[in-house]
Amino acid sequence: MTLDVEKIRGDFPILARTVSGKPLVYLDNGASAQKPQVVIDAITNAYSHEYANVHRGLHTLSNIATDKYEAVRGIIARFLGAPDEREIVLNSGTTEGINMVAYGWAMNNLVAGDEILLSVMEHHANIVPWHFLRERMGIVLKWVDVDAMGALDPQVVIDAMGPKVKLVAITQVSNVLGTKVDVKTICHAARARGIATLVDGSQGAVHMPVDVVDLGCDFYPITGHKLYGPSGSGAIYVRAERMAEMRPFMGGGDMIHEVSKDAVSYNDPPMMFEAGTPGIVQTIGFGVALDYMMGIGMANIAAHEDAISAYAASRLEGLNWLNVQGQTPDKAAIFSFTMDGAAHAHDISTILDKKGVAVRAGHHCAGPLMEHLGVTATCRASFGMYNTKAEVDVLIEALELAHDLFG
Amino acid sequence: MASTAFEEIVEDFEFLEDWEDRYRHVIDMGKAMPPLEDAFKVDTTKVHGCSSQVWLHPRIADGVFSFQGDSDAMIVRGLIAVLFALYDGLPVGEVAAVDAGGELARLGLNDHLSAQRSNGLRAMIERIRIVSSEAAG
């Protein structure tokens, strides 16, 4: 089976609109993906017919909402290959997931002088929570570089796993360079040394099949809105052995067993890590989005996007005034670039927008990588399952116009 | 009625029919604008800390407002040149009353002023108002 991109495009109503009088060419999927009609319908249906708070009432609507919400845990477990759905903590996205690991796990298991190993191409969401621990506990952040092509050699990461390293936190796919990281080799080496691993799946889970057991990671956070689901939804896989080492970090309703004036006892995991009323409808929509992706097939999505990536790479390579950051041969369909001459990334994105092409311009929440690359800002075109080669051609034409305008 | 210099820009724009020509013109204005000396590109003149940077160096003498500005984004430089035509030589007491958004709309460039734009132009106009109001006392 292959992927029928025209049929898929028909499932996303927003792709039919125009921008600046031109057909929308949406290439900002790395920031957030658009939503298929089934997800939009699920949101409307939940609020129209099946809405109440979850885990609390015994009335009909509360039961329906709870069943629908809890079913998503199983969908996510299937999507990630997690053996047990109790290893899935529902949350608002990767940022919350990584903060939970920082406060709930690292704060209890690391001491001053311990090291956390990061790659230079991490997103700020996988940097700043660790800086908190550096500031508050004296944790040391240790960095590994990417090479000139933007590749991360797993051996370089393994060689950096000294005796003080207690956690390796590395992205599966760079949100700037599109580099795919061999996280499996890294995680298995870390496991053998008793080092915990967090694989940032924000981008990776969107573009390729994921099996957390095969990867051998301890923590794998994902973000719903990048996976064609609603914003404010997300989850993190936490391997059961690591979950047992965690303490709750947010207190509130739903995560407790009993509360008195003098004492508190907690709900079982994963509920222990889900304080307060969650994003009920967002999560229900997230489940529908993952079912939609699995219905198309992650291998099919990956094959389609790899073909788009190879085509885009060859077309962009033909523009000798364009500097594409990250040149690994099998990269995900994410292209960051700068242009020779006077054009700033914001200039380029302004002109592209006039041609209906939506890209991101800026530092992409990746300060250390920007510093490593020696640039202050880039434009980024990031593709999703509904993008086509014809859209790559529109991007190229728009870039040629921008180059002509700025010289 | 805005300044003569600005009205001349408005006239130029009236001859430009499509957006490409308008942008080409703005970009050319940006390229032609003299850069702000590096010595003035400091924290106190920096208007916006985002990835496209904007600087404003006000020059006020004898109650007359002027400024030098710069940006690392070329379209923003062009827009700064437009703002220069709008504000240069005004008595400080009259600067705050200029409806910059309305004037830029006459050029079809007001979409650069939406709140989400991180190009610093809106913040620059705000800084011009504050600086001139303080000088006016």
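Residues numbered from 1 in each chain as written. Chains lettered and ligands numbered in written order. Predicted model: local features only at pLDDT ≥ 70, side-chain atom pairs only at ≥ 80, totals over all residues. Heavy atoms only, no water.

S.K.: Would you mind showing me how to read the overall build of chain A here?
M.R.: Within chain A, the secondary structure is distributed over 15 helices and 17 strands. The C-alpha atoms of chain A give 22 Å as radius of gyration, which agrees with the globular expectation for 407 residues (22 Å, within 12%). The principal-axis extents of the C-alpha atoms in chain A amount to approximately 70 × 55 × 40 Å. For chain A, with 407 residues in total, the buried portion stands at 57%. Considering only residue pairs separated by 6 or more positions, chain A has 72% of its internal contacts joining residues 24 or more positions apart. (Helix = DSSP H or I, 4+ residues; strand = E, 2+ residues; numbered from the N terminus. Rg over C-alpha atoms; globule rule 2.2 N^0.38 Å. Buried < 20%, exposed > 50% of the residue type's maximum accessible area, 1.4 Å probe, protein only. Contact = heavy atoms within 4.5 Å.)

S.K.: I tried to follow the sheet that holds strand β13 (residues 322-325) of chain A on my own but got confused; where do I start?
M.R.: As a general point, the strands of a sheet are linked pairwise by backbone hydrogen bonds and lie either parallel or antiparallel. Residues and elements named next belong to chain A. What the four strands build is an open sheet, ordered β13-β14-β17-β16; its pairing is antiparallel. Edge positions in the sheet fall to β13 and β16 (360-362), since each of these pairs with one other strand and no more. On average, each strand axis in the sheet is inclined to that of its neighbour by 30°, with strand direction left out of account. Sheet analysis places strand β14 (residues 334-339) next to strand β17 (residues 378-382), joined by four bridges and oriented antiparallel. Note on β17: the bridge partner recorded for F335 is A381. Helix α12 (residues 298-317) contacts β13 and β14 of the sheet and is inclined by roughly 10° relative to β14. Helix-sheet contacts for helix α15 (residues 389-406) involve β13, β14 and β17, and the interaxial angle to β14 is about 15°. (Pairing = 2+ DSSP bridges. Axes fitted to C-alpha atoms, helices over the stretch in contact; angles between N-to-C directions.)

S.K.: Honestly, the pattern of salt bridges in this entry has me stumped. Any pointers?
M.R.: Two side chains with opposite charge may pair up if their charged atoms get near one another. All names here are of chain A. Taken as a whole and assessed by the stated rule, the structure comprises 23 salt bridges over all chains. Here D306 and K180 are joined by a salt bridge, their closest N and O atoms 3.1 Å apart. Here the residue D306 occupies a position in helix α12, and K180 occupies one in the loop between β7 (165-171) and α7 (183-192), the gap between them amounting to 126 residues. Owing to a relative accessible area of 26%, K180 belongs among the partly exposed residues under this scheme. (Salt bridge = Lys/Arg side-chain N within 4 Å of Asp/Glu carboxyl O.)

S.K.: I keep staring at the state of the cysteines and nothing clicks. Help me out?
M.R.: In protein chemistry, a disulfide is the covalent bond that joins the sulfur atoms of two cysteines. All chains considered together, the criterion is met by zero disulfides over all chains. In this structure C187(A) is a free cysteine whose sulfur lies 5.2 Å from that of C217(A), the closest cysteine sulfur available. (Disulfide = S-S within 2.5 Å.)

S.K.: Quick question: what am I supposed to make of unusual backbone geometry here?
M.R.: Residue and element names in this part refer to chain A. Here the bond from P269 into P270 is cis, since omega is 5°, no more than 30 degrees from zero. Turning to its location among the elements, P270 is positioned in the loop between β12 (264-266) and α11 (280-296). Positioned with a positive phi, D254 is a non-glycine residue whose angle comes to about 80°. Turning to its location among the elements, D254 is positioned in the loop between α10 (240-243) and β11 (256-259). Its relative accessible area of 15% is what places D254 among the buried residues.

S.K.: What is the right way to read empty space enclosed by the protein from this model?
M.R.: In this approach, a probe sized like a water molecule rolls over the atoms, and the result shows the empty space that is left. All names here are of chain A. This structure, assessed with the given rule, holds two cavities of 30 Å³ or more. M121, E122, H123, T171, V173, S174, N175, D200, S202 and Q203 are the residues that line the largest cavity. Here the residues of the lining of the largest cavity sort into two nonpolar, six polar and two charged. Roughly 40 Å³ of volume is contained in the second largest cavity. Taken together, V89, L90, N91, E96, M100, F249, M250, F273 and A275 form the lining of the second largest cavity. (1 Å grid on protein atoms, 1.4 Å probe; cavity = no way out; pocket = protein on both sides within 12 Å on 5 of 7 lines; lining within 4 Å. Points joined across faces, edges and corners; volume = space filled by probe spheres on them. Nonpolar A, V, L, I, M, F, W, Y, C, P; charged D, E, K, R; others polar.)

S.K.: Looking at this structure, how should I read the confidence of the model for chain B?
M.R.: Any region with low pLDDT has predicted coordinates that should not be read closely. Scored by pLDDT, chain B comes out at a mean of 87, with 89% of its residues at no less than 70. Both confidence scores are given for the complex: pTM 0.93, ipTM 0.84. (pLDDT = per-residue confidence, 0-100.)

S.K.: In this structure, what is going on with the layout of surface pockets? I would like to understand it.
M.R.: Residues and elements named next belong to chain A. Here the second largest pocket is characterised by a volume of approximately 280 Å³. For the lining of the second largest pocket, the secondary structure elements donating two or more residues are α12 and β13. A per-class count over the lining of the second largest pocket returns eight nonpolar, four polar and five charged.

S.K.: I'm lost on the domain arrangement of chain A in this one. Help?
M.R.: Interface size is commonly expressed as the accessible surface area that is lost when the partners come together. All names here are of chain A. In terms of domain boundaries, chain A breaks down into domain 1 (5-30 + 297-406) and domain 2 (41-295). For domain 1 and domain 2, the distance between their C-alpha centres works out to 28 Å. Listed by partner, the interface residues are 36 residues for domain 1 and 33 residues for domain 2. Summed over both sides, the interface between domain 1 and domain 2 buries roughly 2800 Å², with carbon and sulfur atoms accounting for 61% of that surface. There are one salt bridge connecting domain 1 and domain 2. Those elements that place two or more of their residues in the side of domain 1 that touches domain 2 are α1 (5-11), α12, β14 and α14 (367-373). Looking at the side of domain 1 that touches domain 2 residue by residue, the class counts come to 18 nonpolar, 12 polar and six charged. (Domains from an automatic or database assignment. Buried area = accessible area lost by both parts, 1.4 Å probe.)

S.K.: Help me understand a nonpolar patch on the surface, please; the structure alone is not making it clear to me.
M.R.: All names here are of chain A. Together, V259, V264 and Y266 make up a nonpolar patch on the protein surface, roughly 270 Å² of accessible area in all. Take V259: it is sitting in strand β11. The class of V259 is exposed, set by a relative accessible area of 57%. (Patch = residues over 30% accessible without salt bridge, like charges linked within 9 Å, V, L, I, M, F, W, Y side chains within 5 Å. Areas by Shrake-Rupley, 256 points an atom, 1.4 Å probe, with all protein chains shown as cover.)

S.K.: Looking at this structure, how should I read the interface of chain B and chain A?
M.R.: At the junction of the two partners, chain B supplies 17 residues and chain A supplies 18 residues. Summed over both partners, the interface of chain B with chain A buries about 1500 Å², with 60% contributed by carbon and sulfur atoms. Between the two partners, chain B and chain A, sit one salt bridge. In this structure, R24(B) engages D404(A) in a salt bridge whose closest nitrogen and oxygen atoms are separated by 3.0 Å. At the level of elements, α2 (19-32) and α3 (74-87) of chain B are the ones that each hand at least two residues to the side of chain B that touches chain A. At six residues, the largest contribution of residues to the side of chain B that touches chain A is made by α2(B).

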